[in-house]
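# Report on the structure
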Amino acid sequence: MADRVTVIGWDGSPLTEAARSALSAATLVAGAAHHLALPEIPPAAERIRLGSVDLAARRIAGHRGTAVVLADGDPGFFGVVRTLRAPEHGLEVEVVPAVSSVAAAFARAGMPWEDARIVVAHQRTLRRAVNVCRAHPKVAVLTSPGAGPAELALLLDGVHRTFVVCEELGTAREQVSVLTSDKAADHSWRDPNVVLVIGGTAGRAPAATPWLMGQDAAAPPVRGWGLPAEEYDPATVGTPARAGEDPALRAAQLARLGPRVGDLVWDIGCASGAFSVEAARFGAAVIAVDIDAAACARTEQSARRHGVPLQTVRGRAPHILETLPEPDVVRIAAGGAALVTACTDRRPERIVAHASTRDEAEAIGAALADGGYTVESVLLQTVGLDPHDWSERERSVVFLLSGRRTDAP
């Protein structure tokens, strides 16, 4: 095993005294091509081109001597330190950090970034990174070949954002470009690059004194979820809840879908936007679908009041669904078994729907089961009471159907 392993971050600036001292004593140096060309590396040191960090860690673990690993930016921030410290390698490391590429990118843009979400985009995780960009107004994306600015822009189709693309930060070839997301797909971009995705702020003022990293820490307009319909559509004050809009039903649907950061939620039949907004408040990306232009407008207004970005799409389901990106979870407010079948064909992890009659519930349950979903059926009854005399104010009885894809984790 190596006697000592030092991980040195490099941001293009001159190496610190600690970094130079570690390099001068190295008998093995691992890094990218531009790292291995640094003049401070001893001529006699063994050099390893850093491709797979896991393979390099095995080489280092078997080396007798002093090893140095060079990495861009802060190697402890989405970097090589995690792999090197993995239990299977048993390496103890010292870290000499540099400015992270995310910090450098926001510095180039002249923006604060304690409220930014930070994601890593590989080809296998690109869709989830895009969903974060849909759902949050400030995101830094650490890209990779095949999952860069052009691919992000293509998958954000229909969602307007501003891109700040920072190529080869800290080098003589550094370039910073600011453009709208619809233009980014027309360019060829050099690796490595970091993309700041900005936009979609929905009307709520940011916290005056931020205290929480990674999100806007301003207090939301209201606490909780499964809130009364008037919280989302003031026009409903004093009126009975619309069919399928009962807050208890909405809370049960959210509990079964479990929307989270990185997910894309389809809300088919968004009506007042109550479900769409509550799903977005969990950090998920939301596409709200309705054939009624007024319903789309209400949903957008509610999203602005509650400070969450979401996308509305006007059209008739299931035909309009063919144009939408792949969902993780789906809520169906209306449309019956035929629409359920159309959604199961897209293979979301979970689907919820409701029915007012047993026959309709049985048809929806059969459609879910035929589509390869494990079905749960619940008869949900809620009774609103007047707290002054405990008289019944309103009653809702509905079948709640939920399906979990059988091959889902």
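Structure shown above.
Here the structure is a predicted model, which means the values were calculated and not measured. (Residues numbered from 1 in each chain as written. Predicted model: local features only at pLDDT ≥ 70, side-chain atom pairs only at ≥ 80, totals over all residues. Heavy atoms only, no water.)

Let us now look at the overall build of the protein chain. Secondary structure summary: the protein chain contains 13 helices and 17 strands in total. Sorting the 409 residues of the protein chain into buried and exposed places 49% on the buried side. Restricting to contacts in the protein chain with at least 6 residues of sequence separation, those with at least 24 account for 61%. Entry remark: accessible area of the protein chain is about 19500 Å², with carbon and sulfur atoms responsible for 53%. (Helix = DSSP H or I, 4+ residues; strand = E, 2+ residues; numbered from the N terminus. Buried < 20%, exposed > 50% of the residue type's maximum accessible area, 1.4 Å probe, protein only. Contact = heavy atoms within 4.5 Å. Areas by Shrake-Rupley, 256 points an atom, 1.4 Å probe, with all protein chains shown as cover.)

Let us now look at a nonpolar patch on the surface. A surface patch of nonpolar side chains, about 310 Å² in accessible area, is lined by V383, L385 and W390. Mapping L385 onto the fold places it in strand β16 (residues 373-385). (Patch = residues over 30% accessible without salt bridge, like charges linked within 9 Å, V, L, I, M, F, W, Y side chains within 5 Å. Salt bridge = Lys/Arg side-chain N within 4 Å of Asp/Glu carboxyl O.)

As a further point, take the environment of Q253. Checked against the element boundaries, Q253 lands in helix α9 (residues 247-257). Among the residues examined, Q253 registers a relative accessible area of 0% and is labelled buried. Taking C-alpha positions, Q253 is 7.6 Å from R331, a pair spaced 78 residues apart along the chain. Residues contacting Q253, with those up to four places away along its chain left out, are F275, R331, V352, H354 and L400.

With that settled, the discussion passes to the pattern of salt bridges. Considering all chains together, one arrives at 22 salt bridges under this definition. Among the ionic pairs, E46 bridges to R59, the shortest N-O distance being 2.5 Å. Taken as a pair, E46 in strand β3 (residues 46-49) and R59 in helix α3 (residues 53-61) lie far apart in primary sequence, 13 residues in all. R59 gets classed as partly exposed once you look at its relative accessible area, which sits at 43%. Residues R128 and D328 are paired through a salt bridge, measuring 3.6 Å at the closest nitrogen-oxygen approach. Here the residue R128 occupies a position in helix α6 (residues 126-135), and D328 occupies one in the loop between β13 (311-314) and β14 (329-332), the gap between them amounting to 200 residues. Because the salt bridges share partners, they merge into one network encompassing R127, R128, R260, D263 and D328.

The subject of this paragraph is the packing of aromatic side chains. Taken as a whole, this structure holds three aromatic pairs when the rule is applied. A ring pair is formed by F106 and W113, whose centres lie 6.0 Å apart and whose planes are at 5 degrees; its orientation type is stacked. By relative accessible area, F106 is classed as buried at 0%. (Phe/Tyr/Trp six-rings, centres within 6.5 Å; stacked < 30°, edge-to-face > 60°.)

Turning our attention to the sheet that holds β16. Across the sheet, seven strands lie side by side as β13-β12-β11-β14-β15-β17-β16; this open sheet has mixed pairing. In this open sheet, the two strands that pair with only one neighbour each are β13 and β16. Neighbour-to-neighbour, the strand axes of this sheet turn through a mean angle of 20 degrees, independent of strand direction. Two strands pair when backbone bridges link them, and strand β11 (residues 264-268) and strand β12 (residues 285-290) are joined in this way by five bridges, in the parallel orientation. (Pairing = 2+ DSSP bridges. Axes fitted to C-alpha atoms, helices over the stretch in contact; angles between N-to-C directions.)

If you walk across this open sheet you meet the five strands as β3-β2-β4-β1-β5, and the pairing is parallel. Each edge of the open sheet carries a strand with a single partner, namely β3 and β5 (93-96). Each strand axis lies, on average, 20 degrees off the axis of its neighbour in the sheet, ignoring direction. In this fold helix α1 (residues 17-24) packs onto β1 (4-10), β2 (28-31), β4 (66-72) and β5, with an angle of close to 135 degrees to the strand it touches most, β1.

Our next topic: unusual backbone geometry. Among all residues save glycine, negative phi is the norm, and among peptide bonds the norm is trans. In the segment running from D191 into P192, the intervening peptide bond is cis, with an omega of -5 degrees. Here P192 shows up in the loop between α8 (181-184) and β10 (193-198). Omega for the bond connecting A317 with P318 falls within 30 degrees of zero, at 10 degrees, which places this linkage in the cis form. Within the chain, F78 stands out as a residue other than glycine whose phi angle is a positive 55 degrees.

Running from N to C, helix α12 (residues 336-344) and helix α13 (residues 358-370) cross one another at 15 degrees; their axes reach a closest spacing of 8 Å. With respect to their mutual orientation, α12 and α13 come out roughly parallel. Taken as a pair, α12 and α13 cross one another with a handedness that is right-handed. Packed against α12, whose contacting residues are G336, A337, V340, T341 and T344, the element α13 presents A363, I364, A367 and L368 at the interface. In terms of residue class, the contact of α12 with α13 is built from six nonpolar, three polar and no charged. (Parallel < 35°, antiparallel > 145°, perpendicular 65-115°, else oblique. Left-handed = near helix turned anticlockwise from the far one by under 90°. Nonpolar A, V, L, I, M, F, W, Y, C, P; charged D, E, K, R; others polar.)

Further remarks concern the nonpolar core. One finds W266, I268, L321, I332 and C343 to be the most contacted residues of the largest nonpolar core, which totals 26 residues. Looking at this core, the elements that each hand over two or more residues are β11, β12, β14, α12, β15 (350-355), α13 and β17 (392-405). Element by element, the count of residues in this core is highest for α13, at four residues. Ignoring sequence-local partners within four residues, the contact set of W266 consists of I287, L321, L324, P325, P327, V329, V330, R331, C343 and R346. (Core = buried A, V, L, I, M, F, W, Y, C linked by side-chain atoms within 4.5 Å.)

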